[in-house]
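Observations on the model geometry
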Amino acid sequence: MAWNTNVRWRLPLTCLLLQVAMVVLFGVFVRYDQDSDAHWIENKGSGNVSGDDMDNEFYYRYPSFQDVHVMIFVGFGFLMTFLKRYGYSSVGFNFLLAAFGIQWAVLMQGWFHSFHNGYILVGVENLINADFCVGSVCVAFGAILGKVSPIQLLVMTLFQVTLFSVNEFILLSLLHVKDAGGSMTIHTFGAYFGLTVTFILYRPNLSQSKERDGPVYHSDLFAMIGTLFLWMYWPSFNSAVSNHGDAQHRAAINTYCSLAACVLTSVALSSALHKKGKLDMVHIQNATLAGGVAVGTAAEMMLMPYGSLIVGFICGIVSTLGFVYLTPFLESHLRIQDTCGIHNLHGMPGIIGGIVGAVTAACATTSVYGQEGLARAFDIEGSNWSASTQGGFQAAGIFVSLAMALGGGTLVGCILRLPIWGQPSDQNCFEDAVYWEVPEEHKNEALHPEDSTLKPSEP
Amino acid sequence: MAWNTNVRWRLPLTCLLLQVAMVVLFGVFVRYDQDSDAHWIENKGSGNVSGDDMDNEFYYRYPSFQDVHVMIFVGFGFLMTFLKRYGYSSVGFNFLLAAFGIQWAVLMQGWFHSFHNGYILVGVENLINADFCVGSVCVAFGAILGKVSPIQLLVMTLFQVTLFSVNEFILLSLLHVKDAGGSMTIHTFGAYFGLTVTFILYRPNLSQSKERDGPVYHSDLFAMIGTLFLWMYWPSFNSAVSNHGDAQHRAAINTYCSLAACVLTSVALSSALHKKGKLDMVHIQNATLAGGVAVGTAAEMMLMPYGSLIVGFICGIVSTLGFVYLTPFLESHLRIQDTCGIHNLHGMPGIIGGIVGAVTAACATTSVYGQEGLARAFDIEGSNWSASTQGGFQAAGIFVSLAMALGGGTLVGCILRLPIWGQPSDQNCFEDAVYWEVPEEHKNEALHPEDSTLKPSEP
Amino acid sequence: MAWNTNVRWRLPLTCLLLQVAMVVLFGVFVRYDQDSDAHWIENKGSGNVSGDDMDNEFYYRYPSFQDVHVMIFVGFGFLMTFLKRYGYSSVGFNFLLAAFGIQWAVLMQGWFHSFHNGYILVGVENLINADFCVGSVCVAFGAILGKVSPIQLLVMTLFQVTLFSVNEFILLSLLHVKDAGGSMTIHTFGAYFGLTVTFILYRPNLSQSKERDGPVYHSDLFAMIGTLFLWMYWPSFNSAVSNHGDAQHRAAINTYCSLAACVLTSVALSSALHKKGKLDMVHIQNATLAGGVAVGTAAEMMLMPYGSLIVGFICGIVSTLGFVYLTPFLESHLRIQDTCGIHNLHGMPGIIGGIVGAVTAACATTSVYGQEGLARAFDIEGSNWSASTQGGFQAAGIFVSLAMALGGGTLVGCILRLPIWGQPSDQNCFEDAVYWEVPEEHKNEALHPEDSTLKPSEP
């Protein structure tokens, strides 16, 4: 499989083509919304707009937006730098795909949710949602990390953002599911999409690259930068698009609690599962985050702080067990090569999150939420709403997301299998030097004799 | 001293036990407060609650909370990665103890300050205060860094959070001391607590580990990540729980000023005290932060920008002198082995901060604050208040904090001396490999022959 | 050129002298403004001050301030750590000059813009503007990185902040130019100032240090931390001092768009210009940011999202081309040694930003902005304003900034040429060991025999 990995013309053309398309589509469709348009000052104080400067949506959402932005670019980017020779690609390709993805997501989500009189009207909430959408691509990237070319990533982003938006529309607008932190739309969908893609792109001889499929000491510390920024800002992630006031407030508290509990159980299991009781950085970097994934749906609901702790408690255990037992099993028996173990961090916790959300919604009562509070929390307009129905639709959302992920992932996987995207050969995976100019020292120091096979595959 | 450092059952059991206790206690005691409960919408616009969404406490505090959160996890975590072979433990154990500590602090502080009708009602301010409380544990961790097991850290956190909360209650509720940025409650208490613990845990043969008790080039750069995030976000730290409006605003300005001045005097002293005028990364990483510690108490008061500069000016000098002269003296003459030099960064500047606060409070007048402003700044209710009394109580707060630190530290130190916690032997200090699975290369590259003594102490 | 690089007395004295001057000047001039003074509570609800706590300027600006603060200290600091043996200096000297610069900028900008009854009244907006001003010094630092002593940097900061403030006063107060994100005042001025200084400080034998003038693998990852924090927080940078509400909101959206587009074209050009299609970290670290620079002026205007995409599109191309063709040309033919390539990241994009701003302003109409919106966006008071005049003044601002940069840079360059500042010799450039105590391993591992010439130049 000596593919041509010289992407000199293919990568630039892909980037430029996509970016030109974005410019044209933004030109035709995207305009400022009421709160970001210069006419805002004239509309203030009239209709249902308050006369207070502070009442611009910007001030409710912008701090959370910036935190989410950090999670997507530094969080996901650095989390994946744990590989010893794939740091440039981890952070650089993540940067590339996210920069494209957010533009395409503004359009796709805009057509579905912010389309008025022929225009997509954008404000800060659109930026957050675009970042969220790209989050699901970053998740999927984790499964195929090290085994794909940047062109493949751009193609995957193009399709995945599209499918994400369709799935999100089905869940939020048709099924009226609540999923503010995206346990289903982002994590479940993203993870199973990525796992399906990596299944289709199965590489039987990947062991030829196993020399590079691991960390060095400092690469693990770089990865901890990613872990910690994800962990710290997750309360912002889960609360960023919740209703003003108590819902945002509560979502942050619940996420804070869940994540804290998750750290302790991850550490506990990591030590317990090692024969000398030693901790494994992979678990600390990943499983500690599962609690954030799993309260994504229910964080804005009246889950209660102890409910959040229980969710985090369980997810730290499930996720760490997954890393130790399930990931090797998936690889050896189901041909699913999951580089970062996204099944443990996003897949299972995402499904748990969907279930927790469904159960919490099904238990919602006016005594817990108050009459008005319940109506607001679940956007109830008519009188037909019942908690158990809501719970049922929430549960349906999990299955829809899974179906979209498996179907979409199969389609996209097949497209990415075409031998035209400049993907690396099995013996050159997890290696920056394929797509990057790397410093001379690094080349010599770590490249092994068999790595000289890098050259043949390049014209 | 060949202790058994295999923590396989002890660490998991400790973590799980503590986490189960948290779940139960949260279940019994913790509920949402008015601003984070779904009933908020119904209460808005009635009583003393404004009808504006923006008036939720969340919007006053959340951005500051996230900054403080970054300081605790990335700031303290990475600041301690300067040791060449202790990066995993620095950032990982800090993560563990803080994740446990914030839960326990929500309970302890809640019982003292947010207890209503049998429930602890939590909102964003509780999360900030929990982070603050854990900050004092992170400070103490700096003194014993590299010489303790993760179990010891959890035990210490359990006790220190308890003692912190008692001390905080005495200061804030009984003595009516103002200490928004925690010069006394966090830094003075945390530092002298940690120093007492390390004194009790004195290791006469620590020099056997001195090979590892220092940085490599890149570990110093990782540490600078911690330093800078602490430095940049300190204005948020000192203003996070201040009164709305001018007090938060002023606290941020004062801290900004103090920290800026502190950098220049730290650099000046670092160069002046080196025989070739060269700068020492230890000073740049630590002494530059002393200015933030030392305006912790007074930042929200009318300290004036130049007053803040003077405080920063002095602390940069005192702290750097401490690193050069005092830390070696403490180690050789007083058997206080202070790994990170917390006495210089938190101990002395904390006391200075307490004094500055006492003096600033004692000088408070209505001409400077205005009638209403003074009443608000010092929570004056009756007519018995006088500035000099306030100053006196402030000063008393320093001594109470010191007494609690020394007493509590002695108690906790004695508990941690028990040979059951899996602590490392003197020749295996400052070494990740004791508690972590480390990459093969790292093991071989840096482990010296005598480090093979690692094995004998493990069953 | 065996200068004495032992700065033992010169550096401490410079630091202390400057800091004492700051204390005195702050003591004489700096006071809290209305929103940060304790009298705020008394003034609330009277005059044009609302009675709402939330209406304190702090809440409009503080989150943006913190983001800008991160950009200056972590963003610029780490962006420059790409050099293999200059990480301490990059991040440490940037820390030093910025800490001094913000104090001096508070004074200089205060005298010009916040001077009332003999006092400079400071609030959060002053802190942001001080950070902005220092941003231009950080830009200039990029040109001379590795070739100057910390004393030279402090001297340069002293002068550059002064000149910046004069230039800013001319643009904003005399020409009534709009430049919220500082394309002209920060980037154009900073870049051409720095380029002029490095031209004057030309080192004909700099090739003697070329061994150290490059990255190692992990230093490039550290630099990516800087890149990403700059990239992520740039929307805050460009919106931080814009008008409340729609202007802040719009500036963030436009910057988000421009930066996203810029990433794709930077990657495209980086690959297209490499003979094997490989990406160059230098381009990813720098050119991807050019889009933020180039919407600095127009971001708060009605540039439209697609307009922002176009600006980012062009700047990614221009900047990458600059790195590949122009920087080597400038060095070999014009004797301009630009270490970080600031001409490509700040110079050209800054000028483009000025032009985009002038054109956007010249096209402003009431149909796009609304009557009130237009008046507010351009601070129109009388009736003499016309869009084309505004455009003309905007364009004039570019030339004024360039003239100030070239004139000021020449002056400051000549001052810095004096052989009294402890600058390194040509063979000791890009080397931390000249001014820093570095770990033993690092010294031995990378220092080449000819580097022993380090010693002779030190007494």
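Quick caveat: nothing in here was measured; it's all calculated off a predicted structure.

Quick look at the UniProt feature "domain: Ammonium transporter AmtB-like" (unreviewed entry) in chain A now. UniProt's feature table lists "domain: Ammonium transporter AmtB-like" (unreviewed entry) at residues 56-434 of chain A, given in the numbering used throughout. Secondary structure over residues 56-434 of chain A splits into 71% helix and 2% strand, and the C-alpha atoms at its two ends are 47 Å apart.

A few words now on the sheet that holds strand 2 (residues 115-116) of chain B. Strand pairing in a sheet takes place through backbone hydrogen bonds and is either antiparallel or parallel in direction. Residue and element names in this part refer to chain B. Strand order in the open sheet formed by three strands is 1-3-2, with mixed pairing between adjacent strands. Only two strands of the sheet have a single partner each, and these edge strands are strand 1 (30-32) and strand 2. When strand 2 meets strand 3 (residues 119-122), the two strands line up antiparallel, connected through two bridges. Note that in strand 3 the partner of H116 across the bridge is Y119.

This part covers the pattern of salt bridges. Oppositely charged side chains can form a pair if their charged atoms are brought close together. By the definition in use, this model includes 27 salt bridges over all chains. Notably, a salt bridge pairs E431 of chain A with R212 of chain A, separated by 3.3 Å at the nearest N-O pair. Pair noted here: E431 of chain A is in the loop between helix 16 (387-417) and helix 17 (440-446) and R212 of chain A is in the loop between helix 7 (183-200) and helix 8 (217-239), with a separation of 219 residues, a long-range link. The exposure class of R212 of chain A is buried, given its relative accessible area of 3%. One salt bridge connects E431 of chain B with R85 of chain B, and the closest N-O pair in it is separated by 2.7 Å. Note that E431 of chain B is positioned in the loop between helix 16 (387-417) and helix 17 (440-446) and R85 of chain B in the loop between helix 3 (57-79) and helix 4 (87-113), a separation of 346 residues in sequence. This pair shows no difference in class: E431 of chain B is buried, exactly as R85 of chain B is. Overlapping salt bridges bring together E57, R61 and E125 of chain A as one network.

Right, let's get into the relation of the copies chain A and chain C. What connects the two chain copies is a rotation about an axis and a shift along it. For the pair chain A and chain C, the best superposition has an RMSD of 0.0 Å and corresponds to a rotation of 120 degrees with a translation of 0.0 Å parallel to the axis. Here the transformation between the copies is reduced to the relation of a three-fold axis. Residue P63 of chain A, judged by its C-alpha, is the member of chain A lying nearest the rotation axis, at 3.6 Å. The share of interface residues of chain A whose copies in chain C are also at the interface is only 14%, consistent with the copies meeting through different surfaces.

Bringing the interface of chain A and chain B into the picture now. Facing the 74 residues of chain A at the interface are 79 residues of chain B. Both sides of the chain A and chain B interface together cover about 6500 Å² of buried area, and 71% of this is carbon and sulfur. Counting across the interface, chain A meets chain B through zero salt bridges. Across the chain A-chain B interface, the total number found is 31 residue pairs in polar contact (both at pLDDT 80 or more). Of all elements in the fold, only helix 3 (57-79), helix 8, helix 9 (246-272), helix 10 (281-286), helix 12 (305-334), helix 14 (366-369) and helix 15 (371-377) of chain A reach the threshold of two or more residues within the side of chain A that touches chain B. For the side of chain A that touches chain B, the leading source of residues is helix 9 of chain A, giving 18 residues.

The rules we used
- Residues numbered from 1 in each chain as written.
- Chains lettered and ligands numbered in written order.
- Predicted model: local features only at pLDDT ≥ 70, side-chain atom pairs only at ≥ 80, totals over all residues.
- Heavy atoms only, no water.
- UniProt positions renumbered as here; feature names shortened; annotations may be inferred.
- Helix = DSSP H or I, 4+ residues; strand = E, 2+ residues; numbered from the N terminus.
- Pairing = 2+ DSSP bridges.
- Salt bridge = Lys/Arg side-chain N within 4 Å of Asp/Glu carboxyl O.
- Buried < 20%, exposed > 50% of the residue type's maximum accessible area, 1.4 Å probe, protein only.
- Least-squares fit on C-alpha atoms with pLDDT ≥ 70 in both.
- Contact = heavy atoms within 4.5 Å.
- Buried area = accessible area lost by both parts, 1.4 Å probe.
- Polar contact = N/O pair within 3.5 Å; in protein donor to acceptor, adjacent residues only side chain to side chain.

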